[in-house]
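Each chain, written out:
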Amino acid sequence: MRPRILIILIALFTSMYSCKEESKVEGTEIGPEVTTFYFIRHAEKDRSDPENSDPELNQKGLGRAMHWAEILKEANINAIYTTDYARTTMTAAPTEVKNDLIRQYYDPSMINIAEFKAENLGNNVLVVGHSNTTPDFVNKMIGEEKYPAMDDMDNGSLFIVQQIGDMTTDVRLTFNCNCPD
């Protein structure tokens, strides 16, 4: 029951703030453009081979990837970025399919935050990263060191960063996945 309440809250939050206003009133703009970024870490990876630096998702991870697509379906995602790893691209895949999108790759060590924001102005963007890169990216987006690296078993955090004109807001939500192992 609790995940449904959180999904409803995300849907309400997103619908209130991610609508683009195209009209003008007597030559006056309604308000600044709204950009929303959704940051997640990849879903549960296959840990059966510790030597594999690019494992795919395990069964639970595949379920979580589908779960993320359901959670984000009302967010009207129109851009997806992942790192170039099997686990991140597999996590994004169900959302890509639901939104008929093609993922774009990014390198966390090379990201230019100002350019990234400018390229995505007015969009609803999903960014899939890793336990260390996701909070770091969020911190750069909000301009402060607020979020530490995630626990290696944390695959359920969702960071939402919203840019409205010069104002930036952020929130971190956690979703449990009752996906089978």
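Residues numbered from 1 in each chain as written. Predicted model: local features only at pLDDT ≥ 70, side-chain atom pairs only at ≥ 80, totals over all residues. Heavy atoms only, no water.

## Section: the state of the cysteines
Then, in step 1: Inspection of every chain in the model, using the stated rule, returns one disulfide.
Then, in step 2: Between the sulfur atoms of C177 and its disulfide mate C179 the distance is 1.8 Å. For the pair formed by C177 and C179, the shared burial category is buried. (Disulfide = S-S within 2.5 Å. Buried < 20%, exposed > 50% of the residue type's maximum accessible area, 1.4 Å probe, protein only.)

## Things to note about the nonpolar core
Then, in step 1: Ranked by internal contacts, the top residues of the largest apolar core, which has 17 residues, are F39, F116, V127, F137 and M141.
Then, in step 2: Of all the elements in the fold, those that place two or more residues in this core are β3 (34-41), β4 (79-82), α4 (113-119), β6 (124-129), α5 (133-142) and β7 (157-164).
Then, in step 3: Top contributing element to this core by residue count: α5, with four residues.
Then, in step 4: Excluding residues within four positions of it along the chain, F39 makes contact with V127, T134, F137, V138, M141, S157, L158, F159 and V161. (Core = buried A, V, L, I, M, F, W, Y, C linked by side-chain atoms within 4.5 Å. Helix = DSSP H or I, 4+ residues; strand = E, 2+ residues; numbered from the N terminus. Contact = heavy atoms within 4.5 Å.)

## Here's the deal with the environment of S109
Then, in step 1: Along the chain, S109 turns up in the loop between β5 (104-105) and α4.
Then, in step 2: What makes S109 exposed here is its relative accessible area of 60%.
Then, in step 3: Residues S109 and T133, spaced 24 residues apart in sequence, show a C-alpha to C-alpha distance of 8.6 Å.
Then, in step 4: Separated by 2.8 Å, the side chains of S109 and D107 make a polar contact. (Polar contact = N/O pair within 3.5 Å; in protein donor to acceptor, adjacent residues only side chain to side chain.)

## So, the pattern of salt bridges
Then, in step 1: One pass over the full model with this rule turns up nine salt bridges.
Then, in step 2: A salt bridge links R41 to D152, with the shortest nitrogen-to-oxygen separation between them at 3.1 Å. With R41 in strand β3 and D152 in the loop between α5 and β7, the pair connects residues that are 111 residues apart, well separated along the chain.
Then, in step 3: Using a relative accessible area of 1% as the deciding quantity, one classes R41 as buried.
Then, in step 4: Residues participating in the shared-partner salt-bridge network are R41, R47 and D152. (Salt bridge = Lys/Arg side-chain N within 4 Å of Asp/Glu carboxyl O.)

## Let's talk about the side chain of R41
Then, in step 1: Within the local environment of R41, its side chain forms a polar contact with the backbone oxygen of D152, the two atoms lying 2.7 Å apart.
Then, in step 2: At 3.1 Å, the side chain of R41 and the backbone oxygen of D154 are in polar contact.

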